[in-house]
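# Secondary and tertiary structure notes
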Amino acid sequence: MTKEEELKRSKRLALSLLAGAAAVFVVTSLMPRGLWTDGLRAVSEAAMVGALADWFAVVALFRKVPIPFISRHTAIIPNNKERIADNLAGFVEDKFLKPESLAAVILKTDPATSVAEWLKEPANRNYLASHLLQLLPEILATVDDARIQQLLRDALNSAIGKLDMSRSLGSLLAALTKDGRHQELLDDGMVALMGIINRPTTRDLIAGQIAAWLKREHAAMELVLPTEWISENGAAMIAKALNNIMLDIAADRDHKLRLKFDDMVQRFLVRLESDPAFIARGEDFKRYLRDGDTFNNYIADLWGSVRDWIRADIAGGESKLNDGVIQASQWLSEELLRHPGMRASLNQHMAGMARTLAPAFSSFLTRHISDTVKAWDNQDMSRQIELNIGKDLQFIRVNGTLVGGMIGLLLYTIAQIMEWAGSYLHP
């Protein structure tokens, strides 16, 4: 049964009770007077009064009732649409979108655990992967739109144009070198370099270079010297010397090479931020990124290859992207379920984001609600509200008929008692 059918059914019920009360009133008015006849007429009369009063109250909410001096107080909902819109928006904002309320709901419902439990089921992981892959073609089509590409290029060029490459790089390196962090990078670099030097293939390469040097520079002596022995031992000696140097640097925080490296980094940072030559090179690099055909063609070709691979993967029978999403979802579920602290931390972060974003989101949503309601046609708004709550309002009319009848019966009974008492006291 539709809402309109339910509303009509409720109206018929209320109207039937009113018609029944009116019929009883007419019949009893035509009958000879008596205790029961007068009582029924009093009940039906009061029931009609209650039904008509509540009919007026319900109808006056939605439409104008042409009664002199009263009609201006009818059609309450259509005539107060703007105030209703603002009050509705304010109610939603106060009761549902307060930052602390949203944060409390997030912490109470524990969304991190819910997501982990949901992703635990293979069917849900497959569902998520399939829907994400359904979105990808539309995303690719959006990015491939010439107008969207132009918009992205304009936005990127604008961002690049505002960027001070030299000073930005200087600020980044300053952050990376703060509190001697660059020395830790130097240590890691030396460890990696020692690993390379100590590889047999590296030593063979050095030995080969020594042997080639002997043959090239000292061809005559190379015929009588033990070239292979010299090459192998020379490579070992070079590797050992380099290892010793780097071990000394690693052990001594004040080593002169370490201090020289620190000084070189600091001077480089100063030049990045103040040297006109470096600043000019930064501007040249910006122009290369923005206007260089080689770079832009490379990016376009790279994107085309990635796009074509994604489309081919989606169209194929066994999608690697689909498998990747499923595996990532399974890993995320297992990790979240294994670490309660991680779930609690995620919930806290989500609650923090809700506190931060709620004011802006609340303002947008409440303004949207208010503007949408105000844009509705008066009669259409009234009709929609009546369809949704009118069925329940019709029971006001039903109750008015029944309560009015009971009050009529009570008043008639009191009147009869008073009449009987008066005749008894004054015979």
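Residues numbered from 1 in each chain as written. Predicted model: local features only at pLDDT ≥ 70, side-chain atom pairs only at ≥ 80, totals over all residues. Heavy atoms only, no water.

### Details of the overall build of the protein
Scanning the protein for helices and strands turns up 19 helices and zero strands. Compactness check: the protein gives a C-alpha radius of gyration of 44 Å against a globular reference of 22 Å for 427 residues, more than 25% above the reference. Dimensions of the protein, computed from C-alpha atoms along their principal axes, come out at roughly 160 × 50 × 45 Å. Taking all 427 residues of the protein together, the buried fraction comes to 26%. Taking contacts inside the protein between residues at least 6 apart in sequence as the whole, the part at least 24 apart equals 72%. Just so you have it, the protein exposes about 28,700 Å², and 65% of that area is on carbon and sulfur atoms. Between the centroid of the 49 positive side chains of the protein and the centroid of its 52 negative side chains there is a distance of 6 Å. (Helix = DSSP H or I, 4+ residues; strand = E, 2+ residues; numbered from the N terminus. Rg over C-alpha atoms; globule rule 2.2 N^0.38 Å. Buried < 20%, exposed > 50% of the residue type's maximum accessible area, 1.4 Å probe, protein only. Contact = heavy atoms within 4.5 Å. Areas by Shrake-Rupley, 256 points an atom, 1.4 Å probe, with all protein chains shown as cover. Lys, Arg positive; Asp, Glu negative; His and termini not counted. Charge placed at Lys NZ, Arg CZ, Asp CG, Glu CD.)

### What about the UniProt feature "transmembrane region" (unreviewed entry) in the protein?
Feature annotation in UniProt assigns "transmembrane region" (unreviewed entry) to the following positions: residues 12–31, 43–62 and 398–418. As annotated, residues 12–31 comprises 95% helix and 0% strand, and the C-alpha atoms at either end are separated by 28 Å. The annotated region residues 398–418 carries 100% helix and 0% strand content, and the separation between its end C-alpha atoms amounts to 30 Å. (UniProt positions renumbered as here; feature names shortened; annotations may be inferred.)

### Comments concerning the confidence of the model for the protein
Model confidence for the protein is summarised by a mean pLDDT of 83, while 96% of its residues fall at 70 or above. Mean pLDDT across the elements of the protein ranges from a minimum in helix α12 (residues 219–222), with 63, to a maximum in helix α6 (residues 111–120), with 93. (pLDDT = per-residue confidence, 0-100.)

### Regarding the packing of helix α17 (residues 320–338) against helix α18 (residues 340–375)
Direction vectors running N to C along α17 and α18 enclose 100°, while the axes themselves pass 5 Å from each other. Classed by the angle they form, the pair α17 and α18 counts as roughly perpendicular. For the pair α17 and α18, contact is made by E335, L336, L337 and R338 and by P340, M342, R343 and L346, respectively. (Axes fitted to C-alpha atoms, helices over the stretch in contact; angles between N-to-C directions. Parallel < 35°, antiparallel > 145°, perpendicular 65-115°, else oblique.)

### Notes on the pattern of salt bridges
Summed over all chains, the structure comprises twelve salt bridges. Between K11 and E386 there is a salt bridge, and its shortest N-O distance comes to 3.3 Å. Here K11, found in helix α1 (residues 3–30), pairs with E386, found in helix α19 (residues 378–425); they are 375 residues apart in sequence, far enough to count as distant. For the salt bridge of E386 with R383, the shortest nitrogen-to-oxygen distance reads 3.6 Å. With a gap of three residues between them, E386 and R383 both fall in helix α19, about one helical turn apart. The class of E386 is buried, set by a relative accessible area of 2%. Each of E4, K11, R63, R383 and E386 takes part in a single network of salt bridges with overlapping partners. (Salt bridge = Lys/Arg side-chain N within 4 Å of Asp/Glu carboxyl O.)

### Details of unusual backbone geometry
Backbone geometry at A75 places phi at a positive 50°, although glycine is not the residue there. Its location among the elements puts A75 in the loop between α2 (35–62) and α3 (76–79). One non-glycine residue, D110, adopts positive backbone phi at about 55°. Tracing the sequence through the fold places D110 in the loop between α5 (99–109) and α6.

### Overview of the environment of V403
Examined against the element boundaries, V403 turns out to sit in helix α19. Assessed through its relative accessible area of 39%, V403 is described here as partly exposed. For V403 and E6, which are 397 residues apart along the polypeptide, the C-alpha to C-alpha distance reads 23 Å.

### As for a nonpolar patch on the surface
A surface patch of nonpolar side chains, about 790 Å² in accessible area, is lined by L402, V403, M406, I407, L410, L411, I414 and M418. As for its position among the elements, L411 is in helix α19. (Patch = residues over 30% accessible without salt bridge, like charges linked within 9 Å, V, L, I, M, F, W, Y side chains within 5 Å.)

### Some thoughts on the packing of aromatic side chains
Taken as a whole, this structure holds two aromatic pairs when the rule is applied. Relative to F96, the ring of F91 has its centre 5.9 Å away and its plane inclined at 75°; by these criteria the two rings are edge-to-face. For F91, a relative accessible area of 45% puts it in the partly exposed group. Centre to centre, the rings of W118 and Y127 are 6.3 Å apart; their planes meet at 85°, and the pair counts as edge-to-face. (Phe/Tyr/Trp six-rings, centres within 6.5 Å; stacked < 30°, edge-to-face > 60°.)

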